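What follows is each chain in one-letter form.
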Amino acid sequence: MLFHTWVFFVFFLIVYPVYLLVRRNNQLMNIWLMIASYTFYGWWNPWYLLLLFGTSAIDYLMVLLMQRSRRARTFWLVISLVSNFGFLGYFKYSGFITENLNTLLLDLGLSAQLPDPIAYPNAMLALLGVGEDHFFTKVILPIGISFHTFQSMSYTIDAYKGKITTERSFVRFLTFVSFFPQLVAGPIERASNLLPQLQRTPLITRQDLTDGLSLFLVGFFKKVALADYLAQYVDPVYGNPGLFQAPALVLATVAFGWQIYFDFAGYTDMARGIAVLMGFRMMLNFNNPYAATGLGDFWDRWHISLSTWFKDYLYFPLGGSRHGKLRTYINMFVTMIVSGIWHGAAWTFVVWAGLHALGRCLTRELEQTEVYQERVPRLAKQLAVFTFVSFTWIFFRAQSLTDAGLIISRIFTTGWADPRFPVVMAVLVLAVWVYQLIYTSRSSLRWWIDVEPVRVGLAALMITYLAIVAQPSTKQFIYFQF
């Protein structure tokens, strides 16, 4: 179910009034939110609900067992982690692993000497009518599996560390994991933030109504008017990069950087807006990332809920920066590579993450110096970061490493004849970037952004644009594939 469709509009018109009626009874509120959330998630494929319920039930049970058996707490944590990573690994990475294993065996000339590693499970499934090779190579990825799996895991890990109290209500825990505004693309909420809100009656003020609607409008505009518009230029170029020369490839790469930002930030703005309308507060997931003055600053602003998740549950357990510079860089590199693999089962994501890891390691000391912080012009730092991030998006967006290499090669070797330049697209992107730069600067110009008439005027312009110019869209969000 997509936020920017009539289906969701009708869904919310049914869910919201009932929610307002039952929210003062905590048990009824959580039951209704759970039903709404499971309906929302099962709209694409009801079979996904089995996975959502199963992983949630396992984590809920493991934490209860931790509470009852202190000596076996580590054992129950391991069971939780193995089950979560097992489901995630099968649905997300089994095809990738099988494909690369078969390629390796072929390269080594061993494929004819070794038994087919998937022959036996496939043969058993064939008895049930499942097609050949379905078990590992044709797995359908459940939407949002990485998001709700990580959210559920954070509860288990925090409970193991004693950072949160055990949630006794199974219904409330199911609601926490499946809360529909952020279920399929985040933010990845922590139990310490969302669970306490589900344990009390949410307070909804008039300010919440205006703030929630404003957030939803901004997110809707980002998705429909900007992200989907940019996709009309990006998709044809990256779909067949061999047909385009340097100007089109550079423009499409920059456009994709903004497309993925508008798409993902638009989703989280809409998710946060819906939550605010219901009296809930979810964490900020984007903070003007293209105004970053360093790579460390960029990752403090981009997909904040995921960055902090990996920092808390991987980087710090590995040792963080407590054991010398070499160990710090190794920990940073490992964390970034794992983050790349989280995004997708493809070598393009590994290379994308590796470039960011290398860039972060090379610039970490520089970004901490007084010269860089005080003497290098702010705009110069922002342009450098944006250029590097845009270059790495090539690997994120390209359909293969071969395509990525082709795009980079053609950028540096083909002519720079002036392409058909999409002026409207350039103006929209430039306007948003200028807004971000002003908003994050110490400039005296920033005051006008917070003036109420200006904000109302911007809202009116967005509504007018959506009504007159923007085309209806049912295009899925990019991060649904993760």
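Model, not experiment: these values are computed from the prediction. (Residues numbered from 1 in each chain as written. Predicted model: local features only at pLDDT ≥ 70, side-chain atom pairs only at ≥ 80, totals over all residues. Heavy atoms only, no water.)

Time to look at the layout of surface pockets. Approximately 1500 Å³ is the volume attributed to the largest pocket. Lining the largest pocket are 40 residues, and of these Val218, Tyr435, Arg455, Leu458 and Met462 sit closest to its centre. Mapped by element, the contributors of at least two residues to the lining of the largest pocket are α10 (206-239), α11 (246-277), α19 (423-440) and α20 (452-468). With 10 residues, α10 is the single largest residue contributor to the lining of the largest pocket. Its residues placed into classes, the lining of the largest pocket shows 27 nonpolar, 6 polar and 7 charged. Approximately 930 Å³ is the volume found for the second largest pocket. If you trace the second largest pocket, you find 34 residues lining it, with Gly296, Asp297, Trp299, Asp300 and Arg360 closest to the centre. If you list the elements that add at least two residues to the lining of the second largest pocket, you get α12 (295-301), α13 (304-318), α14 (325-343), α15 (347-367), α16 (370-375) and α17 (378-397). Sort the elements by how many residues they give to the lining of the second largest pocket and α13 lands first, with 7 residues. A per-class count over the lining of the second largest pocket returns 12 nonpolar, 11 polar and 11 charged. (1 Å grid on protein atoms, 1.4 Å probe; cavity = no way out; pocket = protein on both sides within 12 Å on 5 of 7 lines; lining within 4 Å. Points joined across faces, edges and corners; volume = space filled by probe spheres on them. Helix = DSSP H or I, 4+ residues; strand = E, 2+ residues; numbered from the N terminus. Nonpolar A, V, L, I, M, F, W, Y, C, P; charged D, E, K, R; others polar.)

Under the definition given, this model contains 58 aromatic pairs. Measuring from ring centre to ring centre gives 6.3 Å for Tyr261 and Trp302, while their planes differ by 40 degrees; the resulting arrangement is tilted. One end of the pair, Tyr261, is in helix α11; the other, Trp302, is in the loop between α12 and α13, and 41 residues separate them in sequence. Cation over ring: Arg73 sits above Tyr160, and NZ or CZ is 4.6 Å from the ring centre. Stacked on the ring of Phe477, the Lys or Arg Lys223 has its end atom at 4.7 Å from the ring centre. (Phe/Tyr/Trp six-rings, centres within 6.5 Å; stacked < 30°, edge-to-face > 60°. Lys NZ or Arg CZ within 6 Å of the ring centre and 35° of its normal.)

Bringing the environment of Pro241 into the picture now. Looking at the element boundaries, Pro241 is found in the loop between α10 and α11. For the pair Pro241 and Ala404, spaced 163 residues apart in sequence, the C-alpha to C-alpha distance is 8.9 Å. Among all residues touching Pro241, those that are not within four sequence positions of it are Leu249, Asp403, Leu406, Ile407 and Arg410. (Contact = heavy atoms within 4.5 Å.)

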